[in-house]
2 protein chains.
Amino acid sequence: MVKTGEILSKLTAQGYRITPQRIMILDAVENADDHISAEEIFTLVCLQYPNVNISTVYRTLELLKQLELVTETDFGDGRVRYHSIKKGHHHHLVCQKCGGIIDMEESIFTPLRESLLKQYGFDADIHHLAIFGTCKKCR
Amino acid sequence: MVKTGEILSKLTAQGYRITPQRIMILDAVENADDHISAEEIFTLVCLQYPNVNISTVYRTLELLKQLELVTETDFGDGRVRYHSIKKGHHHHLVCQKCGGIIDMEESIFTPLRESLLKQYGFDADIHHLAIFGTCKKCR
DNA sequence: TATGCAACTGCAATCCCTTGCATCTATGAT
DNA sequence: ATCATAGATGCAAGGGATTGCAGTTGCATA
Ligand SMILES: [Zn+2]
Ligand SMILES: [Zn+2]
Ligand SMILES: [Zn+2]
Ligand SMILES: [Zn+2]
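What counts, and where the lines are drawn
- Residues numbered from 1 in each chain as written.
- Chains lettered and ligands numbered in written order.
- Predicted model: local features only at pLDDT ≥ 70, side-chain atom pairs only at ≥ 80, totals over all residues.
- Heavy atoms only, no water.
- Helix = DSSP H or I, 4+ residues; strand = E, 2+ residues; numbered from the N terminus.
- Expected span 1.5 Å × (residues − 1).
- Buried < 20%, exposed > 50% of the residue type's maximum accessible area, 1.4 Å probe, protein only.
- Arc of directions from axis to C-beta.
- Donors = N, O, S within 2.8 Å, 3.2 Å for Na, K, Ca; no water.
- Tetrahedral: all angles 85-135°; square planar, octahedral: opposite > 155°, others 65-115°.
- Contact = heavy atoms within 4.5 Å.
- Buried area = accessible area lost by both parts, 1.4 Å probe.
- Salt bridge = Lys/Arg side-chain N within 4 Å of Asp/Glu carboxyl O.
- Polar contact = N/O pair within 3.5 Å; in protein donor to acceptor, adjacent residues only side chain to side chain.
- Domains from an automatic or database assignment.
- Nonpolar A, V, L, I, M, F, W, Y, C, P; charged D, E, K, R; others polar.
- Near = heavy atom within 4 Å.
- Pairing = 2+ DSSP bridges.

**Q** Tell me about helix H4 (residues 54–66) of chain A, and name the residues and values.
**A** All names here are of chain A. With 13 residues, H4 ought to run about 18 Å at 1.5 Å a step, and its terminal C-alpha atoms sit 19 Å apart, in line with that. Within H4 the residues assigned to the buried category are Val57, Thr60, Leu61, Leu63 and Leu64. Projection of H4 onto a plane perpendicular to its axis shows the buried side chains occupying an angular sector of 160°, all on one side. More than 90 degrees from the buried face of H4, the exposed residues found are Arg59 and Gln66.

So this is what it looks like as structure tokens:
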């Protein structure tokens, strides 16, 4: 469990600045109950500070992703969603028929990651994936 | 190995029409040596028939995808690429440091697909995936 | 061969996201 | 406290892809 304060000092430690915009954007992701889109973050931040620009939101999310503080997932609905790493690594199964989403443990990818490492020497970066297909009740 | 003629009759069988645009777009994908982007297909088709519209290219690719005649993959460079199913199912490892791309056999995903089926009753639709990470020589 | 109509296309607007650039500001040094 | 500067922001333009709609066309039927 990483605290927001720790995250901010992690930014400084790496030469990045702490700005009001970054604090508000980070806050929006950290306090979101669910996976949140850039547009939703933008709307939330605008309530406090209407001058913020959507490109700042995207650039901040890109930075948080690089620092592995936030993960990104494409659920296939035309907009990417973000999630604080505080809430743990996991993955999703997305049914293409009913649209239902099943949550998965991170461990489901462990055998795959191991075989990629063994066969190809490749260290796969599988943080937060959505796998598409057909769920039990739609088959 | 599916022939182009067979693909066209598969279209008619499902109530879709055969149009000059669809023939040319399908041809471009079938004859491409490598994974080809919508823009590249558009350029090729324009040589023969300059009136074609890029949205028709996207709509045709979407249709071919649904019919499982073409697969789509995001290599992370901001544009999606397409591949004829004639050339077989496979996957890719994309190194985020050197940009190198390693080709993988389809079978690497078999254990994962099986465990998804067993644990969740979920039939995963993993046709042509790009996994991001760090390759052997960049680690 | 001519007709009817659902399927398809082109066009323009729009959506999500990225990028270049001029301006501004957080931060460390003085 | 002030300054210098590299990092960050806002703005506007642009890129890839999608969508609504009016007009066109493939094709089944007669
Ligand atoms: Zn998630
Ligand atoms: Zn379902
Ligand atoms: Zn491929
Ligand atoms: Zn590499």
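**Q** Quick one: what's the story with the coordination of the zinc ion (ligand 1), residue by residue and with numbers?
**A** All names here are of chain A. Bound to the zinc ion (ligand 1) are the protein donor atoms His35 (NE2), His90 (NE2), His92 (NE2) and His128 (NE2), situated 1.9 to 2.0 Å from the metal. Of note is the zinc ion (ligand 1), whose four donor atoms meet at the metal with angles of 101 to 115° in an arrangement that counts as tetrahedral. Counting the intervening residues between successive donors of the zinc ion (ligand 1) yields the motif H-x54-H-x1-H-x35-H. Highlighted residues: His35 in the loop between helix H2 (20–31) and strand S1 (36–37) and His90 in strand S4 (residues 90–95), separated in sequence by 55 residues.

**Q** I'd like to hear about the interface of chain A and chain B, residue by residue, with values.
**A** Accessible area lost upon the coming together of the parts is a frequently used measure of interface size. With 29 residues of chain A at the contact, the number on the chain B side is 29 residues. In this assembly, chain A packs against chain B so that about 2200 Å² is buried in total across both faces, 70% of it on carbon and sulfur atoms. Interface area lost by chain A to chain B is led by Ile108, Tyr120 and Phe122 of chain A, which between them contribute 29%. Taken together, the connections running from chain A to chain B amount to zero salt bridges. Here chain A is connected to chain B by eight residue pairs in polar contact (both at pLDDT 80 or more). Put simply, the parts of the chain that give the side of chain A that touches chain B at least two residues each are S4, strand S5 (101–105), helix H5 (110–120), strand S6 (123–124) and strand S7 (130–134) of chain A. It is H5 of chain A that provides the largest number of residues to the side of chain A that touches chain B, a total of six residues.

**Q** I'd love a proper account of the domain arrangement of chain A, names of residues and values included.
**A** Residue and element names in this part refer to chain A. Per the domain assignment, the segments of chain A are domain 1 (4–85) and domain 2 (90–133). Contact residues are listed per partner, giving nine residues for domain 1 and ten residues for domain 2. Surface buried jointly by domain 1 and domain 2 totals about 670 Å² across both partners, of which 65% is contributed by carbon and sulfur atoms. Counting across the domain 1 and domain 2 interface gives zero salt bridges. Remark: the boundary between domain 1 and domain 2 carries five residue pairs in polar contact (both at pLDDT 80 or more). Looking at which element gives the most residues to the side of domain 1 that touches domain 2, the answer is strand S2 (residues 70–74), with four residues. Residues belonging to the side of domain 1 that touches domain 2 are distributed by class as follows: one nonpolar, five polar and three charged.

**Q** Which residues make up the protein's contact with DNA strand C, and what values go with them?
**A** The full set close to DNA strand C counts 21 residues, and Tyr58 and Arg79 of chain A together with Arg17, Arg22 and Thr56 of chain B are the nearest of them. When atoms of DNA strand C within 4 Å of the protein are sorted by moiety, sugar and phosphate together comprise 70%. The contact in question runs from a phosphate oxygen of DNA strand C to an N or O atom on the side chain of Arg79 of chain A, over 2.4 Å. Looking at the surface near DNA strand C residue by residue, the class counts come to seven nonpolar, eight polar and six charged.

**Q** Pulling in residues and values, what's your account of the pairing of strand S3 (residues 80–84) of chain B?
**A** All names here are of chain B. Of all five residues that make up S3, four are buried, and the element is covered over most of its length. Where strand S1 (residues 36–37) meets S3, two bridges bridge the pair, whose relative direction is antiparallel. Note that in S3 the partner of Ile36 across the bridge is Tyr82. By the bridge criterion, five bridges tie strand S2 (residues 70–74) to S3 in an arrangement that is antiparallel. What sits directly across from Thr71, in S3, is His83. Linking S2 back to S3 in an antiparallel pair, the connection comprises five residues, with Gly76 at a positive phi of about 85°.

**Q** How would you explain the coordination of the zinc ion (ligand 2) if you had to name every residue and give the values?
**A** All names here are of chain A. Bound to the zinc ion (ligand 2) on the protein side are Cys95 (SG), Cys98 (SG), Cys135 (SG) and Cys138 (SG), at distances that span 2.3 to 2.4 Å. In this structure, the zinc ion (ligand 2) is coordinated by four donor atoms arranged in tetrahedral fashion, with angles at the metal of 106 to 114°. Overall, the relative accessible area of 3% leaves Cys95 in the buried class.

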